[in-house]
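Spelled out from the first residue to the last, the chains are:
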Amino acid sequence: MSNVPSDLKYAKSHEWVRVAGDVATVGISDHAQHELTDIVFVELPSVGRKVKAGEACAVVESVKTASDIYSPVSGEITEVNKAAADDPALVNREPFAGGWFFKIKLSAPAELNSLLTPEAYQAQIGG
Amino acid sequence: MLKRTALFTTHQKLGGKLIEFGGWEMPVQYTSITDEHLAVRNAAGIFDISHMGEVTVSGAASTAFLNHVLTNDIRKLTPGLGQYTLMCNERGGVIDDLYAYCLSEGVYLLIINASRIEPDVAWLRARAAEFPKRDELRLTDASHNYAAVAVQGPRVKEFIADCIPGDSISAMRVARVTDLKKNEIGGFKCGHGSVLVSRTGYTGEDGFEIVGSDEAIIHIWEIILAKGQPFGIKPCGLGARDTLRTEVCYPLYGHELDESTTPIEAGVGFFVALDKGDFVGRAALAEQKANGVKKKCVAFKMTEKSAPPRPHYPIWAGGANVGEVVSGTQSPSLNNGIGMGYVPTEFAKAGTAIEIEIRGKRCAAVTVPKPIYKKS
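Residues numbered from 1 in each chain as written. Chains lettered and ligands numbered in written order. Predicted model: local features only at pLDDT ≥ 70, side-chain atom pairs only at ≥ 80, totals over all residues.

**Here's the deal with the overall build of chain B**
Then comes step 1: Counting secondary structure elements, chain B contains nine helices and 20 strands.
Then comes step 2: Radius of gyration (C-alpha) of chain B: 21 Å, near the 21 Å computed for a compact globule of 376 residues.
Then comes step 3: Viewed in the frame of its principal axes, chain B has a C-alpha envelope of about 65 × 55 × 40 Å.
Then comes step 4: Out of the 376 residues in chain B, the part that is buried amounts to 49%.
Then comes step 5: For chain B, the proportion of contacts with a sequence separation of at least 24, taken over those separated by at least 6, is 64%. (Helix = DSSP H or I, 4+ residues; strand = E, 2+ residues; numbered from the N terminus. Rg over C-alpha atoms; globule rule 2.2 N^0.38 Å. Buried ≥ 20, exposed ≤ 12 C-beta atoms within 10 Å, placed from the backbone. Contact = placed C-beta atoms within 7 Å.)

Right, here's the structure in full:
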């Protein structure tokens, strides 16, 4: 059964968001990494890029397929996780910790209210 | 409505992730493509290949007919022997690639691709209808009667005789199943029925393929998983089947092969016997063998860190888009992006620098000799 930490918000497309002040850290859920399995490549957005909520801005590739990662919130990319690009299996091992994707400075913090609660996300993945 | 094999509920019980393949609902993986792939390279794996088609051809004219519609020389097959061969149209384009086995004098079993059962059978029936000795020919699509598994990997020979004990009762006569040599096939008792076992596979490893009734194959799957467990066997899905065959450059219909591509272009000209007399496609293939081909299927490795190459990605060489990837993946054995694709012959020599365009970015690669992966 997939881990769904209770201190995070989730997108229907399986990204998670951790908010600290006006900066959100984004990654993919345990359920997503488990579905993908064998992650072999992570492509991250460039720092400074402005993205809208729901915009595809990163790519994760497993042996069998490539999947877009969508930013759950709008804002400007302030930092990307080079460790995940260097060692993509980190996303499989630590989806909620060392395997994060990028940090984003929120331009519309109210969007956070439309993200899924841990309970709602758990229900979506048949938890 | 997707078709399901006899092992469908087995896959569900084992937690297999099911996908559509050639009209069938098949497991792409159970745990991880990489783990399953490495199990086959290092120990053993079992695959459901029940979706493959089976056609039997018999009668006094069967040998002559098959030599007319297939590219390899079927007269080399004595009872108990099989060969890789291809079926081409008049232009030399590939209708399908297949294994032909001689079960007894004048009785042949063809194992064909799942996605090609209907076109193959239609093609065979049409060619049979115009064959002079059509009255001495019996052609049966037996695909619905058979299920099948492949058991592959270096340790399979250590336990397979415990799963299929005793001597063979038909085709190649051997005292035990492990006495079968590469490309040989024998019939063996299995439970209350019997199965056909060949020493063949699609992974580049030693192994066996087993064809039988639904009941026999469900039975043998359970036995092989149990007896193979101490040797590290894993159930394997189509994902690992694809990465394994890509590493050793075995063609897959719809990727390396199609009706507008010839065996010569695909690099399987070794299985075209021009010296056996006339056959469908011979003129076109002889012309290509004599004068060369314009495009060739090459193997390549990525030489810079990149996302894995995938089918349909553009291939660049000499500053131009010269072709397309037909198979591509991250090689679990080499931990490197690998693939095959078609390029103009001038770029086909091993060692040629090429680029694979991955989501708009050209990444460096080099053409390499086949197979890409060789056991050390």
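Having seen the structure, we can now continue with the description.
**Overview of the interface of chain A and chain B**
Then comes step 1: Of the residues lining the interface, ten residues belong to chain A; the matching set on chain B comes to 13 residues.
Then comes step 2: When contributions to the side of chain A that touches chain B are tallied by element, the ones reaching two or more residues are strand 4 (39–43) and strand 6 (56–62) of chain A.
Then comes step 3: It is strand 4 of chain A that contributes the most residues to the side of chain A that touches chain B, three residues altogether.

**Observations regarding the sheet that holds strand 6 (residues 94–104) of chain B**
Residues and elements named next belong to chain B.
Then comes step 1: As summarised here, the arrangement of the five strands in space is 5-6-7-4-8, forming an open sheet in which the pairing is antiparallel. Looking at the sheet topology across the chains shown, the edges are occupied by strand 5 (81–88) and strand 8 (138–141). Averaged over all pairs of adjacent strands, the angle between strand axes in this sheet comes to 25 degrees, irrespective of strand direction.
Then comes step 2: Across the sheet, helix 3 (residues 62–69) is in contact with strand 4 (53–58), strand 5, strand 6 and strand 7 (107–112); its angle to strand 4 comes to roughly 130 degrees. (Pairing = 2+ DSSP bridges. Axes fitted to C-alpha atoms, helices over the stretch in contact; angles between N-to-C directions.)

**Quick look at the pairing of strand 4 of chain A**
All names here are of chain A.
Then comes step 1: Burial analysis of strand 4 places four of its five residues in the buried class, which makes it a mostly covered element.
Then comes step 2: Across four bridges, strand 4 lies against strand 6 in antiparallel orientation. Looking at strand 6, one finds that V42 is bridged to V60.

**As for the sheet that holds strand 3 (residues 23–28) of chain A**
Then comes step 1: Spatially, the six strands line up as an open sheet ordered 1-2-3-9-8-5 (chain A), and their pairing is antiparallel. The open sheet is flanked by strand 1 (9–10) and strand 5 (50–51) of chain A, the only strands paired with a single partner.

**Re the environment of T63 of chain B**
Residue and element names in this part refer to chain B.
Then comes step 1: Residue placement: T63 occurs in helix 3.
Then comes step 2: Along the sequence, T63 and L109 sit 46 residues apart, while their C-alpha atoms lie 12 Å from each other.
Then comes step 3: Those residues within four positions of T63 in sequence are excluded, and the remaining contacts are I74, R75 and G106.

**Notes on helix 6 (residues 214–228) of chain B**
Residues and elements named next belong to chain B.
Then comes step 1: For helix 6, which comprises 15 residues, the first-to-last C-alpha distance of 21 Å matches the rise-based estimate of 21 Å (1.5 Å per residue) to within 8%.
Then comes step 2: Among the residues of helix 6, A216, I217, I220, W221, I224 and G228 are the ones counted as buried. Buried residues in helix 6, looked at end-on, bunch into an arc of 135 degrees, giving them a common side. (Expected span 1.5 Å × (residues − 1). Arc of directions from axis to C-beta.)

**Observations concerning the packing of helix 2 (residues 33–42) of chain B against helix 7 (residues 238–247) of chain B**
Residues and elements named next belong to chain B.
Then comes step 1: The contact between helix 2 and helix 7 brings their axes to 8 Å, and the two run at 55 degrees. With respect to each other, helix 2 and helix 7 are oriented oblique. For helix 2 against helix 7, the interelement crossing comes out right-handed. Taken together, the residues of helix 7 that come into contact with helix 2 (itself represented by I33, E36, H37 and V40) are G239, A240, T243 and L244.
Then comes step 2: Among the residues forming the contact of helix 2 with helix 7, the class breakdown is four nonpolar, three polar and one charged. (Parallel < 35°, antiparallel > 145°, perpendicular 65-115°, else oblique. Left-handed = near helix turned anticlockwise from the far one by under 90°. Nonpolar A, V, L, I, M, F, W, Y, C, P; charged D, E, K, R; others polar.)

**Describing the pairing of strand 2 (residues 15–20) of chain A**
Residues and elements named next belong to chain A.
Then comes step 1: Note: strand 1 against strand 2, two bridges, orientation antiparallel. Bridging across to strand 2, Y10 finds its partner in W16.
Then comes step 2: As consecutive antiparallel partners, strand 1 and strand 2 are separated by four residues, and within that stretch H14 has a phi angle of approximately 80 degrees, a positive value.
Then comes step 3: Judged from the six bridges that link them, strand 2 and strand 3 form a sheet pairing that is antiparallel. Looking at the pairing, V17 lines up with V26 of strand 3.
Then comes step 4: Counting the residues that bridge the hairpin from strand 2 to strand 3 gives two residues, and of these G21 lies at a positive phi of roughly 65 degrees.

**Some details on unusual backbone geometry**
Residues and elements named next belong to chain B.
Then comes step 1: Cis geometry marks the peptide bond from K370 to P371, where omega comes out at -5 degrees.
Then comes step 2: Relative to the assigned elements, P371 resides in the segment after strand 20 (361–368).
Then comes step 3: Of note in this structure, N335 is not a glycine but carries a positive phi near 50 degrees.
Then comes step 4: Structurally, N335 can be placed in the loop between strand 17 (320–331) and strand 18 (336–344).

**Points about the nonpolar core**
Then comes step 1: Within the largest apolar cluster, 134 residues are counted, with the highest numbers of intra-cluster contacts made by V149, V151, V197 and I220 of chain B.
Then comes step 2: In terms of residues, this core owes the most to one element, strand 6 of chain B, which gives seven residues. (Core = buried A, V, L, I, M, F, W, Y, C linked by C-beta atoms within 7 Å.)

**Some thoughts on the domain arrangement of chain B**
All names here are of chain B.
Then comes step 1: Along its sequence, chain B is organised into domain 1 (8–50 + 146–246), domain 2 (53–143) and domain 3 (294–376).
Then comes step 2: Taken together, the contacts link eight residues of domain 1 with eight residues of domain 3.
Then comes step 3: Looking at the side of domain 1 that touches domain 3, the elements with two or more residues in it are helix 2 and helix 7.
Then comes step 4: Ranked by the residues each element gives to the side of domain 1 that touches domain 3, the list is headed by helix 2, at four residues.
Then comes step 5: Looking at the side of domain 1 that touches domain 3 residue by residue, the classes come out as one nonpolar, five polar and two charged. (Domains from an automatic or database assignment.)

**Section: the environment of S194 of chain B**
All names here are of chain B.
Then comes step 1: Mapping S194 onto the fold places it in strand 12 (residues 193–198).
Then comes step 2: Look at S194 and you get partly exposed, because 16 C-beta atoms sit within 10 Å.
Then comes step 3: Expressed as a C-alpha distance, the spacing of S194 and G328, which sit 134 residues apart in the sequence, is 38 Å.
Then comes step 4: Beyond its immediate sequence surroundings of up to four residues, S194 is in contact with I169, G187, F188, K189 and G212.

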